Amino acid sequence: MVRLRPANRRKQRSRPDVSNAQHFKSNLRDIYFNLFEVLDIGERILGKGEFQGLDEDTARATLEAYAQFCGKELAPSWVPGDRIPLVLDAAGDVHLPEALKQSLKAHYDNEWHLMGLPERVGGTGAPATIAWSSFELTVAANATAAFYMLGTVIARVIENLGTPAQKQRFLRNMVDRHWGASMVLTEPDAGSDVGAGRSKARHVKDDIWEIEGVKRFITNGDFDGTENIIHLVLARPEGHAAGTKGLSMFIVPKFWVNEDGSLGERNGVMCTNIEHKMGLKGSATCELTFGEKTPARGLLVGEVHDGIRQMFHVIEHARMAVGCKSMATLSAAYLNALEFTKLRVQGADLARATDKTAPRVRIIQHPDVRRMLMLQKCFAEGMRALCLFTASIQDEVELLGGHGSVAADELDKLNDLLLPLVKGYCSEKVYELLAVSLQCYGGSGYVTDYPIEQFIRDQKIDTLYEGTTHIQALDLVFRKIARDGGQTLRGLMERVQGTLGTIDPAGPLGVEHAALSRALVDLQGIYQALLGKLGESVYHVGLQGNRVLFATAEVVIGWLLVRQATVAVVARQTAHASEHDFYDGKLAAVRFYARNVLPALTLTRKLVEQNTLEVMELSESAF
C-alpha cells in the first residue's frame with residue numbers, strides 16, 4: 001500500500017539560515033578605501049569646521065562598531081519583518097513585528113541615531129561621508145528598519161526651516177524621545193503630479209491650521225514603539241493657487257504637542273489602510289486621513305507659504321537615501337552570491353567539459369559565473385564611489401557655509417546634478433543587476449532559502465518612489481543642466497578631463513584612459529544631439545531622457561573607477577602582501593568596466609542621434 005505524504009512535507013536537507021542575519025555582508029574595506037585613500041576625508045574633511053570632533057581613527061572605529069551592531073541587532077529582524085504581517089487596529093494604530101521593534105529600540109538605546117546630527121542638537125557631528133557610509137550598513141542589514149529612523153532627518157528640517165518656537169517645541173523631543181516621522185505628499189488621484197493634490201488647509205490662528213484630505217503611499221505613516229509621529233504634510237491653504245506653487249508645508253503630529261513640548265490629545269490624523277506590497281512588507285505604507293472625525297491640527301512651517309521648496313529638503317535627502325539603499329542592496333547581494341559560488345560544486349571545468357572523468361568544480365571556476373560576479377563587483381563598487389563622492393561634495397558645501405551660501409553655490413549645484421544619478425541610475429541599474437545576482441545561484445536563488453529573492457522584492461520600489469526613473473531623467477536634463485546652460489555639467493566633465501590628464505596613455509592604465517576618453521566624447525555628442533533635436537520637439541527628451549541619464553551616470557562612474565585605479569596602482573606597490581588581492585580586485589573592476597560598459601556609450605550616442613518621433617505619432621489602437 002502506497003502511503004501519501006502531505007504536500008508540504010519534504011525530505012530533510014541542509015538549509016542556509018537567513019533568520020539569524022546571514023544575509024548581512026558589509027564591505028568596510030571598500031568603504032575605507034573610498035573615504036580615506038581616494039576622497040582623503042581624514043585630511044580634507046575631518047577635524048574641520050562642523051566636523052572638528054572627529055578624526056580618522058575615530059571614524060574607522062565608529063564604522064567598525066556600527067557594522068557589528070547592524071549584524072547583531074538590525075539584521076535579525078529582516079526576515080521576520082518580511083514574513084510577519086503588520087496589523088492595523090480599529091484605533092488606526094499600526095503594530096510592527098516584535099523583532100522589528102526590538103531592532104529599533106536597540107538602535108536608539110545605543111544612540112546610533114545621533115550619528116548624522118550636528119552637535120548643536122545633541123548629535124555627534126559626523127560629516128555626510130560618514131553618515132552615508134553608516135546608512136549603507138543600515139540598509140544592507142535591514143532597509144525596513146532604516147525607514148523607521150526618519151525622525152532625525154525631519155528634526156533637521158524643522159531646525160533649518162522652523163520658527164524659534166517650532167524648534168523649541170519639537171527638536172529636543174524628536175531627538176531625545178525618539179519620535180517617528182514621515183513625509184506626506186502623495187494623494188490617491190495625484191501620484192507623481194504633486195501639484196494636483198486636493199488636501200486643504202484652513203487657518204485657525206497664529207501658525208495653527210487644520211488639514212483635511214487623504215494621502216496615500218505614506219512610508220511609515222504610522223507604527224507603534226514610539227510615543228509620537230511627526231508628519232510633514234503638503235496641503236493647499238484656502239484661496240491659494242493651483243499647482244505646486246500653491247502648496248504649503250505643515251507639521252502635523254499624531255499626538256498634539258503643546259507649546260511647552262508636552263504631549264496633548266490624539267490629533268485628527270489616522271491611518272485608514274495599509275498597502276499590501278511585493279516587498280519591504282515590514283515598512284508600513286499607509287493611507288492617512290486628515291480631519292475626518294476630529295480636526296487635524298498642524299503648524300505652518302516657518303510661518304511662510306513655501307511648501308514645495310521646503311519639502312525638497314526632505315525629498316533630496318530621500319533621493320540620496322534611495323540611491324544608497326540600492327547600492328547597498330547590490331553590494332550585499334553580490335557578496336552573498338560570491339560566497340555561494342565559492343561553495344557550490346557543479347559541473348566540470350569548461351576546458352574539460354567532454355571529459356566524463358573530470359572532477360566537479362566550484363561554480364566560481366566557470367567563465368560565465370566569473371563574468372556575472374565581475375559585473376556585479378564593478379557596479380557595486382562604482383556606485384559606492386558615486387554615492388560617497390556625492391557625500392563628499394555635501395561635506396564641502398557644509399564647510400563653506402552650508403546649503404544656500406554664496407561660497408558653496410558651485411558645489412551646491414554639483415550636488416544637485418549628482419542626485420538624479422545617485423537615485424535614478426542606481427535604483428534602475430541595481431534592479432537589473434540583482435537578476436544577475438540571482439542567476440549565480442541557479443534555481444536555488446528563486447526560493448526563500450537564500451536572501452536574493454527578498455533583496456529583489458525589497459529593492460524594486462527604489463525605481464518608483466521619490467520620483468520615478470524618468471522623472472529623475474527629466475530633472476537632470478531640464479532642471480540640473482538646461483537651467484544653468486550646462487555650466488555645472490561642464491564643470492563635472494572638467495574634473496573627468498583633469499583625471500585623464502594625470503594618466504599616461506602608454507602606461508598601465510592606458511586602455512582605461514582610452515575607453516574613458518572615448519566615452520566622454522560620446523557623452524558630449526549625446527548632449528549635442530539632444531540639444532539639436534529639442535528644436536523639433538520636447539518629446540525627444542521624453543523618449544531618450546533615460547538613456548541620457550544612464551550615459552551620464554556611466555561616464556561619471558567610469559571616471560570614479562579610473563580615479564580609484566590611479567590610487568590602487570600606487571598603493572599596491574607599498575602595501576602588505578595581505579592587501580594585494582584587494583588592490584588587484586580594484587584594478588580588475590575598472591578594466592572590466594572599461595572593456596564591457598564604457599564602449600556601449602558609442603551605441604547610445606547613435607540611438608539618440610537617430611531618434612525619431614514615430615512612436616508618438618502612432619495611433620493608440622496600434623499598440
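Residues numbered from 1 in each chain as written. Predicted model: local features only at pLDDT ≥ 70, side-chain atom pairs only at ≥ 80, totals over all residues. Heavy atoms only, no water.

Some words on the overall build of the protein
Counting its secondary structure elements, the protein contains 19 helices and 14 strands. Relative to the 2.2 N^0.38 estimate, which gives 25 Å for 623 residues, the radius of gyration of the protein is 25 Å and therefore close to what a compact globule would have. With the principal axes as the frame, the protein shows a C-alpha extent of 80 × 80 × 65 Å. Counting across all 623 residues of the protein, residues that qualify as buried make up 56%. Restricting to contacts in the protein with at least 6 residues of sequence separation, those with at least 24 account for 75%. Here the protein displays about 27000 Å² of accessible surface, and carbon together with sulfur accounts for 52% of that area. Computed over 69 positive and 75 negative side-chain charges, the separation of the two mean positions in the protein equals 7 Å. (Helix = DSSP H or I, 4+ residues; strand = E, 2+ residues; numbered from the N terminus. Rg over C-alpha atoms; globule rule 2.2 N^0.38 Å. Buried < 20%, exposed > 50% of the residue type's maximum accessible area, 1.4 Å probe, protein only. Contact = heavy atoms within 4.5 Å. Areas by Shrake-Rupley, 256 points an atom, 1.4 Å probe, with all protein chains shown as cover. Lys, Arg positive; Asp, Glu negative; His and termini not counted. Charge placed at Lys NZ, Arg CZ, Asp CG, Glu CD.)

What to know about the nonpolar core
Counting 171 residues, the largest nonpolar core has Phe379 and Met383 as the members making the most contacts within it. In terms of residues, this core owes the most to one element, helix H10 (residues 367-399), which gives 17 residues. What methionine 383 contacts, discounting residues up to four positions off in sequence, is Met327, Leu330, Tyr425, Cys426, Lys429, Val430, Leu433 and Ile557. Grouped together as the second largest cluster of nonpolar side chains are 35 residues, Val121, Met174, Leu247 and Trp256 included. (Core = buried A, V, L, I, M, F, W, Y, C linked by side-chain atoms within 4.5 Å.)

Notes on unusual backbone geometry
At glutamate 111, a position not held by glycine, the phi torsion is positive, near 60°. Along the chain, the position of glutamate 111 falls in the loop between helix H5 (98-109) and helix H6 (128-147).

Overview of the packing of aromatic side chains
Counted according to the given criterion, the structure contains 18 aromatic pairs. Consider the rings of tryptophan 78 and phenylalanine 455, whose centres lie 5.2 Å apart with planes at 40°: the pair is tilted. On the criterion of sequence distance, the pair formed by tryptophan 78 in helix H4 (residues 78-83) and phenylalanine 455 in helix H12 (residues 452-459) is long-range, its members being 377 residues apart. For the pair shown, tryptophan 78 and phenylalanine 455 are each scored as buried. A ring pair is formed by phenylalanine 389 and tryptophan 559, whose centres lie 5.3 Å apart and whose planes are at 85°; its orientation type is edge-to-face. One end of the pair, phenylalanine 389, is in helix H10; the other, tryptophan 559, is in helix H16 (residues 539-574), and 170 residues separate them in sequence. Both residues of the pair, phenylalanine 389 and tryptophan 559, belong to the buried class. (Phe/Tyr/Trp six-rings, centres within 6.5 Å; stacked < 30°, edge-to-face > 60°.)

A short note on a negative patch on the surface
Together, Asp206, Glu259, Asp260 and Glu303 give the surface a local cluster of negative charge. Along the polypeptide, aspartate 206 turns up in the loop between strand S4 (200-205) and strand S5 (208-219). Judged by its relative accessible area of 61%, aspartate 206 is exposed. (Patch = residues over 30% accessible without salt bridge, like charges linked within 9 Å, V, L, I, M, F, W, Y side chains within 5 Å. Salt bridge = Lys/Arg side-chain N within 4 Å of Asp/Glu carboxyl O.)

Digging into the pattern of salt bridges
Two side chains that carry opposite charge are able to pair once their charged atoms sit near each other. Taken as a whole and assessed by the stated rule, the structure comprises 41 salt bridges. A salt bridge links lysine 105 to aspartate 109, with the shortest nitrogen-to-oxygen separation between them at 2.6 Å. Here lysine 105 and its partner aspartate 109 are both found in helix H5, four residues apart, which amounts to about one turn of the helix. Classification of lysine 105 by relative accessible area gives partly exposed; the value is 46%. Residue aspartate 109 is classed as partly exposed on the basis of its relative accessible area, which comes to 48%.

Concerning a nonpolar patch on the surface
The grouping of Phe478, Leu531, Leu534, Val538, Tyr539, Val615, Met616, Leu618 and Phe623 at the surface amounts to a nonpolar patch, some 870 Å² of accessible area in total. Secondary-structure elements contributing two or more residues to the nonpolar patch are helix H15 (510-534) and helix H19 (614-617). Structurally, valine 615 is set in helix H19. A residue is classified by how much of its surface remains accessible, and valine 615, at 38% relative accessible area, is partly exposed.

Some words on helix H11 (residues 409-441)
Each full turn of the α-helix corresponds to 3.6 residues, which orients residues three or four apart in the same direction. End to end, H11 covers 47 Å across 33 residues, agreeing with the expected 48 Å (1.5 Å per residue, within 8%). The largest bend in H11 amounts to roughly 30° and is located at cysteine 426. For H11, the tally of buried residues reaches 25 of 33 residues, placing the bulk of the element in the interior. Of the residues flanking the end of H11, it is glycine 442, one or two places downstream, whose phi is positive at about 65°. (Expected span 1.5 Å × (residues − 1). Bend = angle between axes of the 7 residues up to and from the residue.)

A few points about the pairing of strand S3 (residues 180-184)
Buried residues dominate S3, accounting for five of its five residues. The side-chain alternation of S3 yields two buried faces, one formed by Gly180, Ser182 and Val184 and the other by Ala181 and Met183. Relative to strand S6 (residues 229-237), S3 runs parallel, the two sharing five bridges. Looking across to S6, one finds that serine 182 is bridged to histidine 231. (Pairing = 2+ DSSP bridges.)

What to know about the packing of helix H1 (residues 28-38) against H16
Running from N to C, H1 and H16 point in directions that differ by 85°, and their axes come no closer than 11 Å. Taken together, the axes of H1 and H16 lie roughly perpendicular to each other. Where H1 abuts H16, its residues Phe33, Asn34, Glu37 and Val38 lie against Arg563, Gln564, Val567, Ala568 and Ala571. The residue makeup of the contact of H1 with H16, split by class, is five nonpolar, two polar and two charged. (Axes fitted to C-alpha atoms, helices over the stretch in contact; angles between N-to-C directions. Parallel < 35°, antiparallel > 145°, perpendicular 65-115°, else oblique. Nonpolar A, V, L, I, M, F, W, Y, C, P; charged D, E, K, R; others polar.)

Focus: the confidence of the model for the protein
This prediction gives the protein a mean pLDDT of 95; 97% of its residues lie at or above 70. Across residues 1-14, confidence stays below pLDDT 50; counting only partners more than four residues off in sequence or on other chains, it has five contacts. The low-confidence segment residues 16-20, where pLDDT is below 50, has eleven contacts with residues more than four positions distant or belonging to other chains. (pLDDT = per-residue confidence, 0-100.)

Observations regarding the environment of leucine 414
Checked against the element boundaries, leucine 414 lands in helix H11. Discounting chain neighbours no more than four positions away, the residues touching leucine 414 are Phe389, Ile393, Thr488, Leu492 and Arg495.

Overview of the packing of H11 against helix H14 (residues 487-500)
Interhelical geometry of H11 versus H14 gives an angle of 90° and a closest axis separation of 9 Å. The pairing of H11 with H14 is recorded here as roughly perpendicular in orientation. Residues Leu411, Lys413, Leu414, Leu417 and Leu418 of H11 pack against Thr488, Leu489, Leu492 and Arg495 of H14. Broken down by class, the residue content of the contact of H11 with H14 amounts to six nonpolar, one polar and two charged.

A closer look at the side chain of aspartate 224
Relative to the helices and strands, aspartate 224 resides in the loop between S5 and S6. Those residues in contact with aspartate 224, other than ones at most four positions away along the chain, are Val94, His95, Leu96 and Lys101.

A closer look at helix H9 (residues 307-343)
Here H9 contains 37 residues, and its C-alpha end-to-end distance of 54 Å stays within 8% of the 54 Å for a straight helix at 1.5 Å per residue. Of all the bends in H9, the largest measures some 35° and sits at histidine 313. When you tally the buried positions in H9, you get 29 out of 37 residues, the bulk of the element.

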